[in-house]
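Structural overview for review
Listed here are the chains, written in short residue letters.
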Amino acid sequence: MQPEALTALLTGTYVHLWPYSARHLPRDAVYRVWQVMEAAHAWPRVFWWQDLPEAHKGDLVAFASYMRERVPLLVQMGENPLAGLIWFDEMVAGLRGNISIWFTQAAWGPPAEEAGRLATEYAHQALQLPQVWGVSPWGAARDFAVRCGYTHVATLPRFVRVGGKRLPMYYTVHEELQGGA
C-alpha cells in the first residue's frame, strides 16, 4: 500500500492511527503505552484471558514480549499522542485475524468508534484479512463492535472464567465487502 493511501486510510475526523514501527516511532513508544495502561489499571479487563500469576499482569517485559507477536496501531486523538491501542493477532493470511482494543476514557464514544472502523479497514486493506473477529467476555465490547459495523454472531454462555467468575464469550465479525456487494 502506498504511503499516501495508508495515511488517508488511518486518518479520521477524531483520530489518527499509527502502525507501530521501531523505525518511525519513538524508541519508547511501547513503554509509553504500557505506562498509560498501567495508570488506568487496564490489565484485568484488557488481558482477561492471560494465565499469568497476578505479579506478572501488567509487567512491562511481559507486555513488550506479547506485543512483539502482534500488529499494533497506536491511536492519537488531537494533541493526545496516546489515546488508545488496537492490535491484531492470530492472523491467517487471506482468511481472518482477531482485533483487540483499548482506549483511554477520554477517547470513549465517537473517537473510539472511528478508530475501531479505521483499524478494521486497515486490517482488510493493508493486512489483507477478509474477516476480522472480536472475541470478548465483556458485553460492552460486543456492543462497541456492533457500533463499529461488526455483526454479533454467537454467544457462548458461561464459557470463560475471569477472576473466578464464569462469563459468556461474545463473538463478533466484520467481513470485507467483495466487489461492492
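Up top you'll find the structure we're talking about.
What you see is a predicted model, and the numbers here were worked out from it, not measured in a lab.

Another aspect to go through is the overall build of the chain. Within the chain, the regular secondary structure consists of six helices and seven strands. Reading the chain from its N terminus to its C terminus gives the helix and strand order α-β-α-α-α-β-β-β-α-β-α-β-β. Radius of gyration (C-alpha) of the chain: 16 Å, near the 16 Å computed for a compact globule of 181 residues. Dimensions of the chain, computed from C-alpha atoms along their principal axes, come out at roughly 45 × 40 × 30 Å. The buried share of the chain, taken over its 181 residues, is 41%. Looking at the chain alone, contacts between residues at least 24 apart form 57% of all its contacts between residues at least 6 apart. Surface exposure of the chain reaches about 10,300 Å², of which carbon and sulfur atoms provide 56%.

A word on the sheet that holds strand β5 (residues 131-136). In space, the seven strands of this open sheet follow the order β1-β2-β3-β4-β5-β7-β6, with mixed pairing throughout. Looking at which strands have only one partner, the edges of the open sheet turn out to be β1 (15-19) and β6 (151-162). On average, each strand axis in the sheet is inclined to that of its neighbour by 30°, with strand direction left out of account. Note that β1 and strand β2 (residues 71-77) share five bridges and pair antiparallel.

This part is about the packing of aromatic side chains. As enumerated under the stated definition, the model contains four aromatic pairs in all. Taking the centre distance of 5.8 Å and the plane angle of 25° together, the rings of Y31 and W34 count as stacked. Here W34 and Y31 lie together in helix α2 (residues 29-39), a separation of three residues that amounts to about one turn. Classification of Y31 as partly exposed rests on a relative accessible area of 35%.

With that settled, the discussion passes to the packing of α2 against helix α4 (residues 60-68). Orientation of α2 relative to α4, taken along the N-to-C sense of each, is 125°, at an axis distance of 10 Å. On the basis of their axis angle, the class for α2 and α4 is oblique. When you trace α2 past α4, the crossing you get is right-handed. Of α4, the residues touching α2 (which contributes V30, Y31, V33, W34 and M37) are L60, F63 and A64. By residue class, the composition of the contact of α2 with α4 is eight nonpolar, no polar and no charged.

The rules behind the values
- Residues numbered from 1 in each chain as written.
- Predicted model: local features only at pLDDT ≥ 70, side-chain atom pairs only at ≥ 80, totals over all residues.
- Heavy atoms only, no water.
- Helix = DSSP H or I, 4+ residues; strand = E, 2+ residues; numbered from the N terminus.
- Rg over C-alpha atoms; globule rule 2.2 N^0.38 Å.
- Buried < 20%, exposed > 50% of the residue type's maximum accessible area, 1.4 Å probe, protein only.
- Contact = heavy atoms within 4.5 Å.
- Areas by Shrake-Rupley, 256 points an atom, 1.4 Å probe, with all protein chains shown as cover.
- Pairing = 2+ DSSP bridges.
- Axes fitted to C-alpha atoms, helices over the stretch in contact; angles between N-to-C directions.
- Phe/Tyr/Trp six-rings, centres within 6.5 Å; stacked < 30°, edge-to-face > 60°.
- Parallel < 35°, antiparallel > 145°, perpendicular 65-115°, else oblique.
- Left-handed = near helix turned anticlockwise from the far one by under 90°.
- Nonpolar A, V, L, I, M, F, W, Y, C, P; charged D, E, K, R; others polar.

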